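The lines below spell out each chain.
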Amino acid sequence: MVTTANLPTAVGFQLNTAPAGFNPKRDLAPGLYEFLETLHHEFTPRQQKLVAKRKRVLEASHRAELPEHMQPSEATQGNWRIELPKWCEDQRNQMTGPADEAELVGKMLNSGAPGVMLDLEDSTVNQWDHQQLGMKNVLSALHGELTYYDQKRGKEVAIKESNVVIWTRARGMHLNQAGVMPEVMSASLFDVGSLAYQVDTSKVKHNLCIYIPKSESAEEALWWRDLFEKIEDLRGWPKGYIKCMALVESHPLAYQMEEFLYNLRDHILGLNLGRWDYMASLIHFNLEDPEFVLPDRNAIPHDVLFFQNLRELIPEICHKRGALAIGGMTALYPSREDAELNARALDVLAKDKKNEANSLMDGAWTGHPDQNQIAVDQFPKPNQLHARRANAQRYPDLRPAPKGVGKRTLNGTRAAVRTVIRYRNGVLNGKGASLLDGYMEDLATDRIYRLMIAQRRKHSTVVPITDDDGHSVEHTAELVTRLFDEELEKLIAKPGKDLGSPETFREARRIAEAMVKNGEFDPF
């Protein structure tokens, strides 16, 4: 079994550990420790082996042995189908946000969105107190008991009666939890096990619904399947009671989506294009290839070919099997303070979601209540399960190089440096997602920026990165350090609405630059 002593450490990542003095047998809900212990002994060793396999696949890709489609099998050739429950037929918008912010959770649940995803992963800081508060809010939401105090109205607000489907995104398989068992355990197991043990199903209007993040192979679906079925058996629930959706956030999984659905077919209801993490993964797996040096992030259109080919493949595979296909998040956020930004953000949102609907997606993700109706309006019906594209390619090019798209500029690198400092500063101040210059930045976009800086350092001698005068600027380690210095000083001088102090900005800069220089690009 793995201990904290032999786990790799990362400069920017602290292993989530229970606080000093914590006694799991005493301090967890009665009986929860024993429930988790049973799961831990069976599933954590498997999780550790799957994570080790991920590393081998990534290393192979850096030797130009890139992911490819699997051989035909029952998963791709058989006639199997997924049965979609009536309560899940309309997921035209799934509103998402951090589970540890009760007010946001309440507002999302009251937004009218047909689905709400409460996030214990990328947008919630991976620290014990935040995760425990997030779990408390999830359980209160599922039980219909969550309230929050509305400062503007000066009163306590409860959740409205509705048919909203509540999803919980557990932490990904790559993450571990310390301080509960004598050795580290799978964070995914801890989250799903804690939720399943404590939920009162008599108060929940639908099956228990989990969002699976960061998967990298169809083989990993078997781990989730077996975990769900073991929990169902321990809780006395019927087989298939736990339902799930899964995010396609890694480049290898894009080649194994139908196999992933097949392995989870008694539980899974859909796939979601988690496009920001997917972009990060695409860079990561192609890090040695100068053809994949991306332009400035905000110059990349939503229908860039490496997104669009996958965006059209997901509905083809999902609809063939009776599952929903859900689109990704639009990063530009509306503003109730800036009318021009608000109009631009909602216009971008409408175009983005219309493209997803035209690609035959069944719904989308948004993160702000003002986005809900616009997103829903772009989808013609509760779902498009019966729609299939004529002459659709089953095996399209999933690695088209980003040629002729956007510009690669020094200002783009500077923006990336500034964003990773600001994002990490938010994390140090307890915020897993921060609204920065109109864009909602979470761990996924932070990861994109870290990888883009690394790409430019690695390949700027052959891929021009230009300054304002059009001159190519080699991205040396010294240049990157200078950019970190300059952006840090600007932030300390004018922090704006950013949380924190000069000390946390300096620590954020130290962590962010070290992660880039040390090649730490996993989603920590």
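Residues numbered from 1 in each chain as written. Predicted model: local features only at pLDDT ≥ 70, side-chain atom pairs only at ≥ 80, totals over all residues. Heavy atoms only, no water.

- Looking up the protein in an unreviewed UniProt entry gives the name malate synthase, with the organism given as Koribacter versatilis.
- What UniProt states about the protein under its Sequence similarities (unreviewed entry) heading is, verbatim, "Belongs to the malate synthase family." (UniProt positions renumbered as here; feature names shortened; annotations may be inferred.)

Comments concerning the state of the cysteines
Part 1: Considering all chains together, one arrives at zero disulfides under this definition.
Part 2: Just so you know, C88 is unpaired, no disulfide at all, and the nearest cysteine sulfur is the one on C209, 6.4 Å from it.
Part 3: C244 takes part in no disulfide bond, and the closest cysteine sulfur to it belongs to C209, at a distance of 9.0 Å. (Disulfide = S-S within 2.5 Å.)

What about the environment of K155?
Part 1: By the secondary structure assignment, K155 is in strand β5 (residues 155-158).
Part 2: With relative accessibility at 43%, the residue K155 sits in the partly exposed group.
Part 3: Apart from the residues within four sequence positions on either side, K155 is in contact with Y148, Y149 and D150. (Helix = DSSP H or I, 4+ residues; strand = E, 2+ residues; numbered from the N terminus. Buried < 20%, exposed > 50% of the residue type's maximum accessible area, 1.4 Å probe, protein only. Contact = heavy atoms within 4.5 Å.)

Describing the pattern of salt bridges
Part 1: Tallied over the full model, the rule gives 53 salt bridges.
Part 2: Note that E68 is salt-bridged to R399, the shortest N-O span being 2.9 Å. Note that E68 is positioned in the loop between α2 (32-61) and α3 (74-77) and R399 in the loop between α13 (372-377) and α14 (410-428), a separation of 331 residues in sequence.
Part 3: In this structure, the salt-bridge partner of E161 is K205, at a minimum N-O distance of 2.6 Å. Highlighted residues: E161 in the loop between β5 and β6 (165-169) and K205 in the loop between α6 (187-198) and β9 (209-212), separated in sequence by 44 residues. In this structure, E161 and K205 share a single accessibility class: exposed.
Part 4: Residues joined by salt bridges that share partners form a network here, namely D119, E121, D122, R169, K214, E249, D277 and R447. (Salt bridge = Lys/Arg side-chain N within 4 Å of Asp/Glu carboxyl O.)

Quick word on the UniProt feature "domain: Malate synthase C-terminal" (unreviewed entry) in the protein
Part 1: Sites flagged by UniProt as "domain: Malate synthase C-terminal" (unreviewed entry) map to residues 408-524.
Part 2: Between the first and last C-alpha atoms of residues 408-524 the distance is 26 Å; the span itself is 59% helix and 5% strand.

A closer look at the packing of helix α5 (residues 128-142) against α6
Part 1: Packing of α5 against α6 leaves a shortest axis separation of 11 Å and a crossing angle of 35°. In this structure, α5 meets α6 at a crossing whose hand is right-handed. Residue-level inspection shows W128, Q131, Q132, M135, V138, L139 and L142 of α5 in contact with α6, the latter providing F190, D191, S194, L195 and Q198. (Axes fitted to C-alpha atoms, helices over the stretch in contact; angles between N-to-C directions. Left-handed = near helix turned anticlockwise from the far one by under 90°.)

Overview of the nonpolar core
Part 1: Within the largest apolar cluster, 141 residues are counted, with the highest numbers of intra-cluster contacts made by L271 and I314.
Part 2: Ranked by the residues each element gives to this core, the list is headed by α2, at eight residues.
Part 3: When residues no more than four places from it in sequence are discounted, the contact partners of I314 are V248, M257, L271, L273, A325 and M361. (Core = buried A, V, L, I, M, F, W, Y, C linked by side-chain atoms within 4.5 Å.)

Notes on the sheet that holds strand β8 (residues 185-186)
Hydrogen bonds along the backbone pair up the strands of a sheet, which may run parallel or antiparallel.
Part 1: One open sheet holds the three strands; their spatial order is β1-β7-β8, and the pairing between them is mixed. Each edge of the open sheet carries a strand with a single partner, namely β1 (16-17) and β8.
Part 2: One ladder, built from two bridges, connects strand β7 (residues 176-178) with β8; its direction is antiparallel. In the strand pairing of β8, Q177 is matched with M185. (Pairing = 2+ DSSP bridges.)

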